[in-house]
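# Descriptive analysis of the structure
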Amino acid sequence: MVKVWYEPPPYGPGTSLNRPAYGLGPQRTALVQQLSRRPQGAVIAGACVAFTALAYIPVMIREAKHGLPFTMSPEYQAAQRAYMRYHNMNPIYGISSKTARAADEAH
């Protein structure tokens, strides 16, 4: 009887010998290799911050060009408060409540 020594593939069962089981393989760039060695939380947080900054760029451009939206003007907001009070919107804790009406009358 012949003894056979079984040696599993180097990257785990179910993988071929010429490529790794997970990831991009040996052709990874230096940036991807550095990011893969960092803690996952820091990488995810950095990506979230970067994408948030990228999403805010069009908002900054619009504000610089046109200013604030017309709904942010004090006149519009006062008219909106008056409309909400007239129609009794949110009467328990909101603009139509007794405490909010008392605070507005004090000013």
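Residues numbered from 1 in each chain as written. Predicted model: local features only at pLDDT ≥ 70, side-chain atom pairs only at ≥ 80, totals over all residues. Heavy atoms only, no water.

## A few points about the overall build of the protein chain
- When helices and strands are tallied, the protein chain shows 4 helices and 0 strands.
- For the protein chain, the succession of helices and strands along the chain, N to C, is α-α-α-α.
- By the burial criterion, 7% of the 107 residues in the protein chain qualify as buried.
- Considering only intrachain contacts with a sequence separation of at least 6, the fraction spanning at least 24 residues in the protein chain is 0%.
- Carbon together with sulfur atoms contributes 64% to the accessible area of the protein chain, which is approximately 9,800 Å² in total. (Helix = DSSP H or I, 4+ residues; strand = E, 2+ residues; numbered from the N terminus. Buried < 20%, exposed > 50% of the residue type's maximum accessible area, 1.4 Å probe, protein only. Contact = heavy atoms within 4.5 Å. Areas by Shrake-Rupley, 256 points an atom, 1.4 Å probe, with all protein chains shown as cover.)

## Focus: the packing of aromatic side chains
- Counted according to the given criterion, the structure contains 1 aromatic pair.
- Where Phe70 meets Tyr76, the ring centres are 5.5 Å apart and the plane angle is 90°; that geometry is what we call edge-to-face.
- Residue Phe70 is classed as exposed on the basis of its relative accessible area of 62%. (Phe/Tyr/Trp six-rings, centres within 6.5 Å; stacked < 30°, edge-to-face > 60°.)

## With respect to a nonpolar patch on the surface
- On the surface, Phe51, Leu54, Tyr56, Ile57, Val59, Met60 and Ile61 cluster together to form a nonpolar patch covering roughly 690 Å² of accessible area.
- On the secondary structure map, Leu54 appears in helix H2 (residues 40-66). (Patch = residues over 30% accessible without salt bridge, like charges linked within 9 Å, V, L, I, M, F, W, Y side chains within 5 Å. Salt bridge = Lys/Arg side-chain N within 4 Å of Asp/Glu carboxyl O.)

## Some points on the confidence of the model for the protein chain
- Looking at the protein chain, pLDDT values average 82 and 79% of them are 70 or higher.
- Within the protein chain, the lowest mean pLDDT, 79, falls on helix H4 (residues 98-106), and the highest, 93, falls on H2. (pLDDT = per-residue confidence, 0-100.)

## Brief notes about the side chain of Ser96
- Here Ser96 shows up in the loop between helix H3 (74-86) and H4.
- Judged by its relative accessible area of 6%, Ser96 is buried.
- A polar contact is formed between the side chain of Ser96 and the backbone oxygen of Met84, at a distance of 3.3 Å.
- Apart from residues no more than four positions distant in its own chain, Ser96 is found in contact with Met84, Arg85, Asn88, Met89, Asn90, Pro91 and Arg101. (Polar contact = N/O pair within 3.5 Å; in protein donor to acceptor, adjacent residues only side chain to side chain.)

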